[in-house]
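# Chain and residue survey
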Amino acid sequence: MSLPSDSLSDEFLMLIVSSPSGAGKTTLCNRLRADFADLRFSVSHTTRRPRTGEVDGREYHFVDEPAFRQMAADQAFAEWAEVHGHYYGTSFGEIGRAREEGSGVIFDIDFQGARQIRARVPAAVSVFILPPSLTELERRLRGRGTEDEPTTLRRLANAKREIAHYGLFDYVVVNDDLDQAYLRLKSIAIGERCRRQRHAPRCEHLLAMTHQDDPPSGGETGK
Ligand code: ADP
Ligand code: 5GP
């Protein structure tokens, strides 16, 4: 299956948001989802267990390893990777649904997934969320209280490896103050939507019209 938008001429926005665990990307993405009703969230498949409060089909599609492997073998994923000891993947179906229902899609995926999506869709826009410090990253991850100690240590140990891949991304947002960080992320989404190339169809449509196609305005034709 092919993916949309291999050039910026497509209006559909594919926004990738990545970060080390605990930096705040879920928090920031949730705000984006609340503010941009037409941006769909790509619900990934994962083999990790649901956390308290997570709902199957909302945060993730929770599957066991054989089911995940079967989907991978069936080429059902646009990208997939092993992250912190579990499998995570974005299905083509999820992207197709987002394309039918909205004018853009947000991916909360790691740098390996970002690399794969960007290889398929060069026009995808990618943002890396950076914690203000490693100490603050640890404070936030522990403060969230969702991981046991070995998982916490594993995620912290992986943080530097993830940050080392910042070069894969178009933008970096430092999540120091949450409101400021969100303003930066929102500005990126708005700015990307204003790119000239994304508006080429609209411009061409207007160019193909004549003044007679305009609704009566009370202006020069309405006297
Ligand atoms: P991620 O999705 O990147 O793993 P989360 O969004 O779950 O991270 O955030 C981890 C924890 O840090 C959460 O408890 C969240 O409320 C908190 N948090 C997020 N951003 C900030 C911030 N700017 N300042 C302080 N705490 C934050
Ligand atoms: P968590 O277990 O905290 O929800 O997510 C762990 C990591 O997996 C995060 O970095 C998150 O962005 C990443 N992730 C979630 N879904 C996907 C996916 O579909 N593909 C990839 N490559 N990474 C994912």
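In case you missed it, the structure is sitting above this.
All figures in this text were calculated on a predicted structure; none of them were measured in a lab.

### Observations concerning the site of ligand 2
- Taken together, 18 residues are adjacent to ligand 2, and Ser44, Arg48, Tyr60, Tyr88 and Asp108 come closest.
- Between Ser44 and ligand 2, the recorded distance is 2.6 Å, taken from a side-chain N or O atom to an oxygen atom.
- A distance of 3.4 Å separates an oxygen atom of ligand 2 from a polar atom in the side chain of Thr90.
- For ligand 2, whose free accessible area comes to 510 Å², the fraction covered by protein is 96%.
- When contributions to the shell around ligand 2 are tallied by element, the ones reaching two or more residues are β5 (77-83) and β6 (86-91).
- A breakdown of the residues in the shell around ligand 2 according to their chemical character gives five nonpolar, six polar and seven charged.

### A look at the sheet that holds strand β1 (residues 13-18)
- As summarised here, the arrangement of the five strands in space is β2-β7-β1-β8-β9, forming an open sheet in which the pairing is parallel. If you trace the sheet from one side to the other, it starts and ends with β2 (39-41) and β9 (171-174), each paired once. Strand-to-strand, the axes of this sheet are offset by a mean angle of 25°, without reference to chain direction.
- Inspection of the sheet shows β1 paired to strand β8 (residues 125-130) by four bridges, in the parallel sense. Residue Val17 lies in a different strand from β8, and its bridge partner there is Val127.
- Packing against the sheet, helix α4 (residues 111-120) makes contact with β1 and β8, and its axis sits at approximately 160° to β1.

### Observations concerning the packing of aromatic side chains
- Taken as a whole, this structure holds seven aromatic pairs when the rule is applied.
- Both rings, one in Phe128 and one in Phe169, keep their centres 5.0 Å apart while their planes meet at 45°; by these two values the pair is tilted. Remark: Phe169 occurs in the loop between α6 (149-163) and β9 and Phe128 occurs in strand β8; sequence separation between them is 41 residues.
- In this structure Phe169 comes out as buried when scored by relative accessible area, which is 8%.
- A connected cluster of aromatic rings, assembled from ring pairs, spans Phe68, Phe77, Trp80 and Tyr87.
- Seen from the ring of Phe41, Arg33 lies directly overhead, with NZ or CZ sitting 4.0 Å from the centre.

Rules and cut-offs
- By convention here, each chain's residues receive numbers from 1 onward along its written sequence.
- Chains carry letters and ligands carry numbers; both start at the beginning, A for chains and 1 for ligands, and go up in the order they are written.
- The model is predicted, so local features are restricted to residues of pLDDT at least 70 and side-chain atom pairs to those at 80 or more, both for listing and for counting; the totals for chains, interfaces and linings are taken over all residues.
- Just so you know, side-chain values use all the structure's heavy atoms and leave hydrogens and water out.
- Neighbouring residues are identified by heavy atoms, a residue being near a molecule or strand if any of them is within 4 Å of it.
- In the analysis that follows, any N or O atom pair within 3.5 Å is treated as a polar contact, provided that within protein one partner can donate a hydrogen and the other can accept it, and provided that, for residues neighboring in sequence, both atoms belong to side chains.
- Using a 1.4 Å probe, accessible areas were evaluated by the Shrake-Rupley method; residue-level cover was limited to the displayed protein chains.
- In DSSP terms, a helix is any run of H or I states spanning at least four residues, a strand is any run of E spanning at least two, and both are numbered starting from the N terminus.
- Three residue categories are used. Nonpolar comprises Ala, Val, Leu, Ile, Met, Phe, Trp, Tyr, Cys and Pro, charged comprises Asp, Glu, Lys and Arg, and polar comprises the others, including Gly.
- DSSP-based pairing: two strands are paired if at least 2 bridges between them are found.
- For helices, the fitted axis covers only the stretch in contact; all axes are lines through C-alpha atoms, and the angles between them, taken along N-to-C directions, range from 0 to 180 degrees.
- What makes two residues a contact is simply this: any of their non-hydrogen atoms within 4.5 Å.
- Note on ring pairs: Phe, Tyr and Trp rings are taken, using the six-membered ring of Trp, and paired if centres are within 6.5 Å. Classes follow the plane angle, with under 30 degrees stacked, over 60 edge-to-face and the rest tilted.
- The buried label applies to any residue whose accessible area, calculated with a 1.4 Å probe on protein chains only, is under 20% of its type's maximum; exposed applies above 50%, and partly exposed to all values in between.
- A ring is scored as having a charge over it whenever the NZ atom of a lysine or the CZ atom of an arginine sits within 6 Å of its centre and within 35 degrees of its normal.

Function cannot be read off these values alone, since they describe shape.
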